[in-house]
Amino acid sequence: MRGFSLIELLLALAILTIASAIALPIYNAYSVRAERTGIQADLMRCVQGMERHANVAMSYEGAVDTDGDGAGDASTGLVSANICRVEATAYTVTVQEAEPTRFVLRARAVESDSLVGRDGMLELDSAGGRRWDRNNDGDFDDDGETGWRP
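First, a word on what this report is: a plain description of the structure on this page. (Residues numbered from 1 in each chain as written. Predicted model: local features only at pLDDT ≥ 70, side-chain atom pairs only at ≥ 80, totals over all residues. Heavy atoms only, no water.)

**So, the overall build of the protein chain**
Reasoning step 1: Scanning the protein chain from N- to C-terminus turns up one helix and five strands.
Reasoning step 2: Counting from the amino terminus, the protein chain carries its helices and strands in the arrangement α-β-β-β-β-β.
Reasoning step 3: Over its C-alpha atoms the protein chain spans a radius of gyration of 22 Å, topping by over 25% the 15 Å that the globule rule assigns to 150 residues.
Reasoning step 4: By principal-axis analysis of the C-alpha atoms, the protein chain measures approximately 85 × 40 × 20 Å.
Reasoning step 5: Considering the protein chain as a whole, with its 150 residues, one finds that 34% of them fall into the buried category. (Helix = DSSP H or I, 4+ residues; strand = E, 2+ residues; numbered from the N terminus. Rg over C-alpha atoms; globule rule 2.2 N^0.38 Å. Buried < 20%, exposed > 50% of the residue type's maximum accessible area, 1.4 Å probe, protein only.)

**Notes on the pairing of strand 3 (residues 103-109)**
Reasoning step 1: Of all seven residues making up strand 3, six are buried, and the element is well covered by its neighbours.
Reasoning step 2: Here seven bridges tie strand 2 (residues 91-98) to strand 3, and the two strands are oriented antiparallel to one another. Across the sheet, Thr 92 pairs through a bridge with Arg 108, a residue of strand 3.
Reasoning step 3: Where strand 2 hands over to strand 3, the hairpin turn is made up of four residues, counted between the paired strands.
Reasoning step 4: Of the pairings in the sheet, the one linking strand 3 to strand 4 (residues 122-125) comprises four bridges and is antiparallel in character. Bridge pairing in strand 4 links Arg 106 to Glu 123. (Pairing = 2+ DSSP bridges.)

**Notes on helix 1 (residues 6-57)**
Reasoning step 1: Over its 52 residues, helix 1 extends 75 Å from the first C-alpha to the last, a length consistent with the 76 Å expected when each residue adds 1.5 Å.
Reasoning step 2: Residues of helix 1 that are buried: Val 32, Arg 36, Ile 39, Gln 40, Asp 42, Leu 43, Cys 46, Val 47, Gly 49, Met 50, His 53 and Ala 54.
Reasoning step 3: Here the buried face of helix 1 lies against strand 2, strand 3, strand 4 and strand 5 (130-132).
Reasoning step 4: Positive phi shows up at Met 58, right after helix 1, with a value of about 60°. (Expected span 1.5 Å × (residues − 1). Contact = heavy atoms within 4.5 Å.)

**Focus on the nonpolar core**
Reasoning step 1: In this structure, Leu 43, Met 50, Val 79, Ile 83, Val 95 and Leu 105 are the most contacted members of the largest nonpolar core, which totals 27 residues.
Reasoning step 2: Listed by contribution, the elements that provide at least two residues to this core are helix 1, strand 2, strand 3 and strand 4.
Reasoning step 3: Ranked by residue count, the leading element in this core is helix 1, at six residues.
Reasoning step 4: Beyond its immediate chain neighbours, meaning those up to four positions away, Met 50 contacts Tyr 60, Ala 63, Ile 83, Val 95, Phe 103 and Leu 105. (Core = buried A, V, L, I, M, F, W, Y, C linked by side-chain atoms within 4.5 Å.)

**Notes on the packing of aromatic side chains**
Reasoning step 1: The tally for this structure, following the rule as stated, stands at one aromatic pair.
Reasoning step 2: Aromatic pair Tyr 60 and Phe 103: ring centres 4.7 Å apart, planes at 65°, arrangement edge-to-face. Separated by 43 residues along the polypeptide, Tyr 60 in the loop between helix 1 and strand 1 (77-78) and Phe 103 in strand 3 bring together distant segments of the chain. Here Tyr 60 matches Phe 103 in class, with each residue buried. (Phe/Tyr/Trp six-rings, centres within 6.5 Å; stacked < 30°, edge-to-face > 60°.)

**Section: the environment of Asn 136**
Reasoning step 1: Note that Asn 136 resides in the segment after strand 5.
Reasoning step 2: Overall, Asn 136 belongs to the partly exposed group, its relative accessible area being 34%.
Reasoning step 3: With 43 residues separating them in the primary sequence, Asn 136 and Val 93 have C-alpha atoms 17 Å apart.

**Side note on the state of the cysteines**
Reasoning step 1: In total, this model carries one disulfide according to the counting rule given.
Reasoning step 2: The disulfide partner of Cys 46 is Cys 84, and the S-S distance across this bridge is 1.8 Å. Judged by the sign of its S-S torsion, about 50°, the cystine formed by Cys 46 and Cys 84 is right-handed. Here the residue Cys 46 occupies a position in helix 1, and Cys 84 occupies one in the loop between strand 1 and strand 2, the gap between them amounting to 38 residues. In this pair, the class of Cys 46 matches that of Cys 84, namely buried. (Disulfide = S-S within 2.5 Å.)

Printed below as a string of structure tokens:
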């Protein structure tokens, strides 16, 4: 007779289970890093959009388009198409602060995404300051949270 014995099938299943138990966390960590890299690129594009707005308006204030007419009418809120197009789907990007001479952009993981609880918010300001809430405690006061590098 040809075929596999029950012991051979169970052994193959055990090997497959062990391999997936090792590979799945590695894949998940890679996915989180890839999403974070994507949002960092989006934040850099949004900084360029804020600079374009400031070149015309001579201020960072009023860059956010809340009514959809293509012109900025608010200083804070979700970034709009007149500032930049956010390609990352796992994050939302907001203009957290906007004053005449400075601004702060913030990216947070979307509530329905698997990144929530695993990846903290990121910020980028007009002076080029980068912050990453590595431990996801809601602030940037801890050691090592003044940059984007892991």
